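Coordinates in review
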Amino acid sequence: MIGVYPTPVESLFVGGVRLWVKRDDRSHEDYGGSKVRKLGPLLDDAVLKRASRILTLGAVGSHHVLATAVHGSARGIPVAAILVPQPGTLHVRETICASLAA
């Protein structure tokens, strides 16, 4: 399993309305979020089967690709990605840089 669960739930007041926010971003200190919860069983299986590489698919700037790169690499499994185009926003460029760093 990757991450620390359950993730905290915090209250927030917006315009006089109380909202409850589940903080999945705090599931892991390196890279958290809902992707981490889904990747855990897949990476556990890859380790169990002694995978030599992980191949993932996503759009350029995909957070799924980034999460797979961060957590797959942390388990000692190289990660490769097939990327499909998407508009090149600043957010997409920042995510690409983070993915390449992982």
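Preceding this section is the structure that the text describes.
The structure reproduced in this document is the subject of the present report. Quantities reported herein were computed from a predicted structural model and do not represent experimental measurements.

Locating Asp 24 in the fold gives a position in the loop between β2 (17-22) and α1 (34-48). For Asp 24, a relative accessible area of 15% corresponds to the buried category.

As a further point, take a nonpolar patch on the surface. Nonpolar side chains collect at one region of the surface, where Leu 12, Val 14, Val 17, Leu 19 and Val 21 lie side by side and expose about 370 Å² of accessible area between them. Mapped onto the nonpolar patch, the elements with two or more residues apiece are β1 (9-14) and β2. Counting residues per element, the nonpolar patch draws most heavily on β2, which supplies three residues. Within the fold, Leu 12 resides in strand β1.

It is at 9 Å that the axes of helix α2 (residues 63-74) and helix α3 (residues 90-101) come closest, and there the two elements cross at 20°. Compared by their axis directions, α2 and α3 come out roughly parallel. When you trace α2 past α3, the crossing you get is left-handed. Residue-level contacts link His 63, Val 65, Leu 66 and Ala 69 of α2 to His 91, Thr 95, Ala 98 and Ser 99 of α3. Of the residues belonging to the contact of α2 with α3, the class tally is four nonpolar, four polar and no charged.

What follows concerns the pattern of salt bridges. Oppositely charged side chains may form a pair once their charged atoms are brought near each other. All told, the structure shown has seven salt bridges when counted by the stated rule. Notably, a salt bridge pairs Asp 45 with Lys 49, separated by 3.2 Å at the nearest N-O pair. For Asp 45, a relative accessible area of 32% translates into the label partly exposed. Judged by relative accessible area, which is 61%, Lys 49 ranks as exposed. Salt bridges linked by common partners bring Glu 10, Arg 23, Asp 25 and Arg 26 together as one network.

All right, on to the pairing of β2 then. Where β1 lies against β2, six bridges are found, and the strand directions are antiparallel. By the bridge assignment, Glu 10 is partnered in β2 with Val 21.

Scoring rules and cut-offs
Residues numbered from 1 in each chain as written. Predicted model: local features only at pLDDT ≥ 70, side-chain atom pairs only at ≥ 80, totals over all residues. Heavy atoms only, no water. Helix = DSSP H or I, 4+ residues; strand = E, 2+ residues; numbered from the N terminus. Buried < 20%, exposed > 50% of the residue type's maximum accessible area, 1.4 Å probe, protein only. Patch = residues over 30% accessible without salt bridge, like charges linked within 9 Å, V, L, I, M, F, W, Y side chains within 5 Å. Areas by Shrake-Rupley, 256 points an atom, 1.4 Å probe, with all protein chains shown as cover. Salt bridge = Lys/Arg side-chain N within 4 Å of Asp/Glu carboxyl O. Axes fitted to C-alpha atoms, helices over the stretch in contact; angles between N-to-C directions. Parallel < 35°, antiparallel > 145°, perpendicular 65-115°, else oblique. Left-handed = near helix turned anticlockwise from the far one by under 90°. Contact = heavy atoms within 4.5 Å. Nonpolar A, V, L, I, M, F, W, Y, C, P; charged D, E, K, R; others polar. Pairing = 2+ DSSP bridges.

Everything listed is a geometric property; what it means functionally is a separate question.
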